[in-house]
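This is what each chain is made of:
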There are 2 protein chains.
Amino acid sequence: MEDWSARQYLKFEDERTRPPRDLLARIPLERPRLVVDLGCGPGNSTELLVARYPQAQVIGLDSSPDMLRKARERLPQHQFVEGDITAWSPAAGTDLLFSNAVMQWLPNHAAVLRRLMEALEPGAALAVQMPDNTREPALVFQGEVGRSGPWADHPEIKAASRDDLPPVEAYYDLLRPVASHIDIWHTMYNHVMASPQAIVEWFKGSSLQPFLSPLDAPAREKFLAAYAEKIAAAYKPRVDGKVLLKFPRLFIVAVR
Amino acid sequence: MEDWSARQYLKFEDERTRPPRDLLARIPLERPRLVVDLGCGPGNSTELLVARYPQAQVIGLDSSPDMLRKARERLPQHQFVEGDITAWSPAAGTDLLFSNAVMQWLPNHAAVLRRLMEALEPGAALAVQMPDNTREPALVFQGEVGRSGPWADHPEIKAASRDDLPPVEAYYDLLRPVASHIDIWHTMYNHVMASPQAIVEWFKGSSLQPFLSPLDAPAREKFLAAYAEKIAAAYKPRVDGKVLLKFPRLFIVAVR
């Protein structure tokens with residue numbers, strides 16, 4: 001029986017770290033020297049990089065001092081740098097740029113990816129994962145609630161919906177001229193969530209942020225209640241009472 | 001520089017074995033005893049299972065004596081059995097049922113999956129990958145050509161198009177009651193093909209088979225010419241002259 005190892009495996013099966021692990025599994029580098037985690041946040045993706053490449057120098061870059069403090073606590077042996085990806089360039093000897101669930105927030109991220117690829121040395125790689133879920137009900141509802149409440153005219157809320165990502169072909173045509181190898185794919189995960197409310201909680205930590213941060217506490221609560229109602233109507237319980245959160249993500253691995 | 005290992009990696013990057021490798025990577029078993037490759041074909045998926053689980057007894061099952069002969073040549077140390085999946089049941093001690101790009105051909109494969117899951121012991125796993133590309137242009141065109149030529153009334157050709165797969169929710173509700181853990185996802189690969197004609201060649205080995213096998217040689221050529229014309233019109237060359245073949249696939253990993 002495989003009971004113990006299966007249990008161990010499942011215990012570490014964290015829905016939020018699966019995409020970066022899937023991305024990492026496709027990177028065709030065995031012993032990179034310098035690895036940079038672009039938009040490292042609190043260092044969870046950096047931790048995966050350190051585990052896969054224990055011999056490498058791994059650096060995390062983020063624009064948030066708060067995130068960097070958390071990342072330094074998590075990985076005190078590693079260097080974390082405050083910086084803006086759009087103004088940053090890799091140092092000589094950089095073998096891997098890794099960017100998990102960050103690039104979609106940058107204005108014109110496609111041009112940023114192209115510039116970063118151009119700055120890499122031959123054989124170095126760029127590995128990117130971005131949520132591509134703007135057409136999913138959970139994201140569409142955010143825009144709908146944003147447009148239909150007393151907050152509808154707030155300029156930050158009007159600008160809070162993320163644009164759709166460009167199609168695969170656009171990334172291919174953009175990066176192929178500066179890549180010796182390129183692989184682009186989508187994975188559509190189906191996260192098993194305890195309840196529709198758990199979906200609300202999930203997005204409070206990500207794409208709901210730009211809608212909620214301009215609001216005061218009572219307005220936030222009203223926004224979340226309207227959103228939760230739509231979520232509960234669309235994400236119906238399955239046979240075991242759980243709900244499935246379909247979550248499409250775009251992956252790019254390009255070698256210079 | 002990572003040149004050598006990247007080259008090695010890319011050299012072994014076979015588009016057709018990537019889905020079973022991705023499936024294998026998600027199986028939460030470390031040391032299964034008995035592994036059965038259901039619909040093993042010429043043994044390429046079996047070879048991946050043997051490499052991942054060198055200590056296991058790995059058996060291949062297929063209904064085609066020709067495929068089994070090829071599989072035995074490839075893996076002479078392993079056992080290959082002629083049999084029909086729909087009438088087959090796992091022996092006691094079976095820890096893993098693996099099925100790559102096969103189940104979609106079985107009538108009512110969902111019921112087969114449920115029966116196989118029920119027959120497994122606690123902790124054993126079922127791992128399945130199926131193409132889910134019936135709505136892709138490359139597959140839609142097969143049906144269109146089938147309905148529009150002199151062969152349109154041939155009963156085998158009328159029945160040659162594969163039905164759409166059921167939605168993720170249907171597999172979840174079917175298997176969840178007999179699974180301690182279940183993970184269902186899609187990956188949409190974008191295979192970089194040398195030309196539109198390469199897409200035709202790709203499908204000649206798979207979903208075009210039921211359309212071509214009832215035809216004589218001249219009719220086959222006419223069918224393929226009509227199909228190739230549609231493919232060339234829909235799959236346009238990218239910046240490097242290659243074409244991208246988008247290929248969605250469904251993955252299921254369920255633990256009893």
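What counts and how
- Numbers given for residues are sequential positions, taken from 1 along each chain in its written order.
- Here the convention is simple: chains get letters from A, ligands get numbers from 1, in the order in which they are written.
- Whole-chain, interface and lining totals are the exception, using all residues; otherwise, since this is a predicted model, local features are given only for residues with pLDDT of at least 70 and side-chain atom pairs are given and counted only at 80 or more.
- In computing side-chain values, all of the structure's heavy atoms are included and hydrogens and water are not.
- In this text, helices come from DSSP runs of H or I with a minimum length of four residues, and strands from runs of E with a minimum of two, each type numbered from the N-terminal end.
- The globule rule used for comparison is 2.2 Å times the number of residues to the exponent 0.38, while the radius of gyration itself is calculated over C-alpha atoms.
- Just so you know, the count uses Lys and Arg for positive and Asp and Glu for negative, and it drops His and the chain ends.
- Where a charge lies is defined by one atom per residue type: Lys uses NZ, Arg uses CZ, Asp uses CG and Glu uses CD.
- Salt bridge, as used here, is a side-chain nitrogen of Lys or Arg placed within 4 Å of a carboxyl oxygen of Asp or Glu.
- Each residue's exposure class comes from its accessible area (1.4 Å probe, protein chains only) as a fraction of the maximum for that residue type: buried when under 20%, exposed when over 50%, partly exposed otherwise.
- Two residues form a contact once any of their heavy atoms are found within 4.5 Å.
- Buried area is calculated as the accessible area (1.4 Å probe) missing from two parts once they are joined, with the contributions of both summed.
- Paired strands, in this sense, are two strands between which DSSP finds at least two bridges.
- Looking down the strands as they point away from you, a crossover is right-handed if its path from the first strand over the helix to the second goes clockwise.
- Superposing the copies works by least squares over the C-alpha atoms of residues that have pLDDT at least 70 in both of them.
- Lines are fitted to the C-alpha atoms to define the axes, a helix being fitted only along its stretch in contact, and any angle between axes, read from their N-to-C directions, falls within 0 to 180 degrees.
- The cut-offs work like this: below 35 degrees is roughly parallel, past 145 is roughly antiparallel, 65 to 115 is roughly perpendicular, and the gaps in between are oblique.
- The handedness criterion is simple: a crossing whose near helix is rotated anticlockwise from the far helix by less than a right angle is left-handed, and one whose near helix is rotated clockwise is right-handed.
- The criterion is simple. A nonpolar core is a set of buried Ala, Val, Leu, Ile, Met, Phe, Trp, Tyr and Cys residues joined through side-chain atoms within 4.5 Å.

Account for the overall build of chain A, naming residues and giving values.
Broken down by element type, chain A carries eleven helices and seven strands. Relative to its length of 256 residues, chain A is compact, with a C-alpha radius of gyration of 19 Å against a globular reference of 18 Å. Judged by the C-alpha coordinates and their principal axes, chain A covers about 55 × 50 × 40 Å. Charged side chains of chain A number 30 positive and 32 negative; the gap between the two group centres comes to 1 Å.

Provide a residue-level description of the pattern of salt bridges, including the pertinent values.
One pass over the full model with this rule turns up 32 salt bridges over all chains. Between A:Arg69 and A:Asp66 there is a salt bridge, with its nearest N and O atoms 2.7 Å apart. A residue pair is termed a helical-turn pair when its members lie 3 or 4 positions apart in one helix, as A:Arg69 and A:Asp66 do in helix H4 (residues 65–74) at three residues. Here A:Asp66 falls in the partly exposed class, since its relative accessible area comes to 35%. For B:Glu136, the salt bridge identified is with B:Lys246, shortest N-O distance 4.0 Å. Of this pair, B:Glu136 sits in the loop between strand S5 (125–131) and helix H6 (137–148) while B:Lys246 is found in strand S7 (residues 243–255), placing the two residues 110 residues apart along the sequence. For B:Glu136, a relative accessible area of 13% gives the class buried.

Can you tell me about the interface of chain B and chain A, naming the residues and giving the values?
For interface size, the figure often reported is the accessible area lost on association. Taken together, the contacts link 44 residues of chain B with 44 residues of chain A. Summing both partners gives a buried area of about 3,900 Å² for chain B against chain A, and 54% of it is carried by carbon and sulfur. Our count for the contact surface shared by chain B and chain A stands at six salt bridges. Listed by contribution, the elements that provide at least two residues to the side of chain B that touches chain A are helix H1 (3–11), helix H2 (18–25), helix H8 (168–175) and strand S6 (181–193) of chain B. By residue number, the principal contributor to the side of chain B that touches chain A is S6(B), which donates eleven residues.

Explain the pairing of strand S1 (residues 34–38) of chain A to me, using residue names and the numbers behind them.
Residues and elements named next belong to chain A. Buried residues dominate S1, accounting for five of its five residues. Across five bridges, S1 lies against strand S2 (residues 57–62) in parallel orientation. Paired with Leu34 across the two strands is Gln57, which belongs to S2. As for the winding sense of the linkage, the β-α-β connection from S1 through helix H3 (residues 44–52) to S2 is right-handed. As paired strands, S1 and strand S4 (residues 94–100) are joined by four bridges and run parallel to one another. Of the residues in S4, the one forming a bridge with Asp37 is Phe98.

Give a description of the relation of the copies chain B and chain A that names residues and reports values.
Each copy of the sequence occupies a distinct position, and chain B is placed on chain A by a rotation of 180 degrees and an axial shift of 0.0 Å, giving an RMSD of 0.0 Å. Taken together, the rotation and translation relating the two chain copies correspond to the operation of a two-fold axis. If distances are taken from each C-alpha of chain B to the rotation axis, the shortest is found for B:Thr187, at 2.1 Å. An overlap of 100% is found between the interface residues of chain B and their copies at the interface of chain A, pointing to a shared contact surface.

Describe the packing of helix H9 (residues 196–204) of chain B against helix H11 (residues 217–234) of chain B, naming the residues involved and giving the relevant values.
Residue and element names in this part refer to chain B. Running from N to C, H9 and H11 cross one another at 130 degrees; their axes reach a closest spacing of 9 Å. Between H9 and H11, the angle is such that the two are oblique. Of the two elements, H9 crosses H11, and the hand of that crossing is right-handed. Every residue of H11 that contacts H9 at Pro196, Gln197, Ile199, Val200, Phe203 and Lys204 is listed here: Leu224, Tyr227, Ala228, Ile231 and Ala232.

Any chance you could break down the nonpolar core for me, citing the residues and the numbers?
The biggest cluster of nonpolar side chains holds 33 residues, and the ones touching the most others in it are B:Leu38, B:Ile85, B:Met103 and B:Ile252. Elements supplying a minimum of two residues to this core: strand S1 (34–38), strand S2 (57–62), helix H5 (109–119), S5, H8, S6 and S7 of chain B. Grouped together as the second largest cluster of nonpolar side chains are 31 residues, A:Ala124, A:Tyr172, A:Leu175 and A:Ala254 included.

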